[in-house]
Amino acid sequence: MKRLLLALAAAASAFAPDAAADVAFNAPGALNPVIPGYFADPTIRKFGDTYYIYATTDGSGAGFGPAQLWQSKDLVNWTLMPMNWPDSHWIWAPDVMRNANDGLYYYVYCQPCQIHVGSSETPRGPWKNILGESEAVLVPDRFVTNAITLDGQTFVDDDGSIYMYWGTWGIYDGFGCGAGRLTPDMKGFTETRLIPNTEATDFFEAPFVLKKDGVYYFMYSSGSCHDHTYRVQYATSDRPLGPYTYRGCILETNADGTVHGPGHHSVMEEDGDYYIIYHRHDNPHSNRGFHRQLCIDRLEFAPDGSILPITPTHSGPAGFAKRNTLPRNLAFGAKVKASSSYDADFLPEYAVDDNNGTLWRPADMGQEWLEIDLGKKERIGSVWTQWEYGTQFYQYMIETSTDGRDWRLYADKRDNRLAGSPMTDFGDTEARYVRITFTGGEKAGFPGALWNVKVFADAETSCPQLWLRLGRPRVAQPRRPARRSLPPPLGARHPREDRRTRRPPPRPLDHARIPQSAAEALSAAYPDGPHLLRRQVVAP
């Protein structure tokens, strides 16, 4: 019965026509947040038939990276992909655009308080700073007087002219947003201007400009990014550098607080429809708002050209995404139990609800496990795991069983040194039970928490790791004999890790063990050498 109810809830959300049919933040199948993890300051683009999200890596309180992007074919199923650059200490508020003057893609990002620009022949690199040195600065602080340099964002006008907007803490008297028209090679400016906070009321940071029907819409964030006051406002003009006229607030915290502090957004237009992507704080809200998540909703205009207030949703792109058809996730809504749970906000059921806003978190940092009962024996061809922090590696093993007592090893990642989301493991077996045991990870103090576990009957190959040949389904191997393995059978308490006998660190990555196709792809993507594998490679 529970499985049926979960399936009905997911179906309802999948066909929700508008915000009026929204679902609860923890409803199974809710599609906002769209990304399983903590990311902020997003820019969304569509190049060819692929969507890309470039964002600050959040969850650490500092946006330290590493360089990454998310890509998707349908706005629903996203895969984390590594990039070679930036390699700086901070990687904040990235933006990417294609320059029609030379056909190259340009990656714009900031550190406090300066903006850097790189170029590449593809939307995911390899990138190189256009000014030479890796951290060469295009826009230094106060390049425009009284505009504190941060959050650079580009806009391309109808005539091909390229503009950049930037700024933070623009709330002081005489301050505001820096703006300028770039040279065709994007290495300088032909004119600049301060858009003062007398035009963009309460301008704080995160400018974004779009043009529709001859009107320039200057959008930005106000309030504090740490709390409920963070919101999106806008002003309009008939010229890209202004002067602008303030028009009002269009996105803010919702009534029950489950959409909390929405802001720092970008907008994508597709076939005449507009979509806004923004970050909001996680549920339940973490301290100081540094665990942000990405959401997508419609952006609509009134007949007079004004932007209609946005009702932020938890159903997200369910009503408008052209979803690719994936095989049925056998784990969705299945019975589940775990070695422990942190509290009632992080239940084991949240690992099988296909909701990127809910998380199973164990109580301890040691070896913890999650067991899924598929209800009956099923063929299992691949298992996806989406760990809490996709940019750091996790070590784990996956086992299967037909009876919940005798277990067979399905995937052994106890020596894993690769990061990614989803982590994709292939096999060929029949089983009713799937057990995932966290055994360690890249950083101390992080438990083996999971956003989602997805189990497919076939070797599901829709994730972009396989488009780029960074992984491939393994040939089915002869089945190993049944064995008893850690953790002990359910019913016995899982042993806590004894810190005096903690297993030694994993052995270094053996590059020769990577499939040849992956080595070839990695060599092309990372010409500086395999040392970049340690943290940035998506696991096969």
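Keep in mind it's a predicted model, so treat the numbers as computed, not measured.

Procedures and definitions
- Residues numbered from 1 in each chain as written.
- Predicted model: local features only at pLDDT ≥ 70, side-chain atom pairs only at ≥ 80, totals over all residues.
- Heavy atoms only, no water.
- Pairing = 2+ DSSP bridges.
- Helix = DSSP H or I, 4+ residues; strand = E, 2+ residues; numbered from the N terminus.
- Axes fitted to C-alpha atoms, helices over the stretch in contact; angles between N-to-C directions.
- pLDDT = per-residue confidence, 0-100.
- Contact = heavy atoms within 4.5 Å.
- Salt bridge = Lys/Arg side-chain N within 4 Å of Asp/Glu carboxyl O.
- Buried < 20%, exposed > 50% of the residue type's maximum accessible area, 1.4 Å probe, protein only.

## Concerning the sheet that holds strand S11 (residues 176-182)
Judged by pairing direction, the sheet is antiparallel, and its four strands sit side by side in the order S9-S10-S11-S12 without closing on themselves. Unpaired on one side and paired on the other, strand S9 (153-156) and strand S12 (189-196) mark the two borders of the sheet. In this sheet, adjacent strand axes meet at a mean angle of 20 degrees when their direction is disregarded. As paired elements, S11 and S12 share seven bridges and run antiparallel to each other.

## Describing the confidence of the model for the protein chain
With 81% of its residues at a pLDDT of at least 70, the protein chain reaches an overall mean of 86. The spread of mean pLDDT over the elements of the protein chain runs between helix H4 (residues 533-536), the lowest at 30, and strand S14 (residues 215-222), the highest at 99. Overall, residues 1-19 carries pLDDT values under 50, and its contacts beyond four positions in sequence, including any with other chains, amount to 30 contacts. Scored below 50 in pLDDT, residues 469-540 shows 137 contacts in the model against residues more than four places distant or in partner chains.

## Concerning the pattern of salt bridges
What the rule picks out here adds up to 23 salt bridges. Among the salt bridges present, the one from Lys 212 reaches Asp 213, with a minimum N-O distance of 3.0 Å. Given a relative accessible area of 68%, Asp 213 falls into the exposed group. The network of salt bridges with shared partners includes Asp 157, Asp 158 and Lys 211.

## Points about the environment of Thr 122
Along the chain, Thr 122 falls in the loop between strand S7 (114-120) and strand S8 (128-129). Once the C-alpha coordinates of Thr 122 and Tyr 105 are considered, the two residues, 17 residues apart in sequence, prove to be 6.3 Å apart. Ignoring any residue separated from it by four or fewer positions in sequence, one finds Thr 122 in contact with Tyr 105 and Trp 127.

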